[in-house]
Amino acid sequence: MAVAFKVTGVEEGQWAVLSVSGELDLVTSPVLRQRVHDVVAEGHHGLVLDLSDVFFCDSSGVGVLIAARRLIRSCQGSLRLILPQQGAQDGSHVNRVLGALGVRRLFDIHDDLASAVSEESPPLSA
């Protein structure tokens, strides 16, 4: 059974928010990469990636996240990820993958959209 991969976008104040669902893998990661580039080309330099509904992420997905971080930083922007620490099967799959690879500390990670778009909220510790 094929599971649909979907990226939807909204604006929350100064933040562009891309909500991602499905599997983030070799086949789908180019879609997210293009959406991130489109958001930056539209002039948004504050980006939140909501990965709460991503249930699988492979190395190509991680590569897209690292590339998005590099792109946003090159524009003096800010990238925040939403990766719940609690929930189905003890938190987000992406959260566990980033932790296992030792790259979680590179990202500004939040539990939910409200904290991600809040200026006064510090990121969750790595």
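An account of the accompanying structure is given in this report. Worth saying up front: this structure is predicted, and the values here are computed from it rather than measured.

So, the side chain of Ser60
Residue position: Ser60 is located in helix H2 (residues 59-74). Judged by relative accessible area, which is 17%, Ser60 ranks as buried. Polar side-chain contacts of Ser60 include one of 2.9 Å to the backbone nitrogen of Leu26. A polar atom in the side chain of Ser60 sits 2.6 Å from the side chain of Asp58. Setting aside anything within four residues of it in sequence, one finds Ser60 in contact with Asp25, Leu26 and Ser29.

With respect to the environment of Val39
For Val39, the location among the structural elements is in helix H1 (residues 29-41). A sequence separation of 22 residues divides Val39 from Val17, and the C-alpha atoms of the two residues are 9.3 Å apart. The residues touching Val39, leaving out its near neighbours within four places in the chain, are Ala16, Leu18, His44 and Leu47.

Quick notes on the pairing of strand S1 (residues 6-12)
Of the strand pairs in this sheet, S1 and strand S2 (residues 15-24) are connected by seven bridges, and their pairing is antiparallel. Residue pairing for S2: Thr8 is matched across the bridge by Ser19. The loop that links S1 with its antiparallel partner S2 comprises two residues; one of these, Gly13, has a positive phi angle of about 65°.

Definitions and limits used
Counting restarts for each chain, with residues numbered from 1 along the sequence as it is written. With pLDDT at 70 or above as the cut-off, local features in this predicted model cover only qualifying residues; side-chain atom pairs require 80 or more to be listed or tallied, and sums for whole chains, interfaces and linings still use all residues. Only heavy atoms go into the side-chain values, all of them from the structure, while hydrogens and water stay out. In DSSP terms, a helix is any run of H or I states spanning at least four residues, a strand is any run of E spanning at least two, and both are numbered starting from the N terminus. Each residue's exposure class comes from its accessible area (1.4 Å probe, protein chains only) as a fraction of the maximum for that residue type: buried when under 20%, exposed when over 50%, partly exposed otherwise. In protein, a polar contact means a hydrogen-donor-capable atom and an acceptor-capable atom, both N or O and within 3.5 Å, with residues adjacent in sequence counting only if both atoms are side-chain atoms; elsewhere, any N or O pair within 3.5 Å suffices. We call two residues contacting when some pair of their heavy atoms lies within 4.5 Å. Any two strands with at least two DSSP-identified bridges between them are counted as paired.

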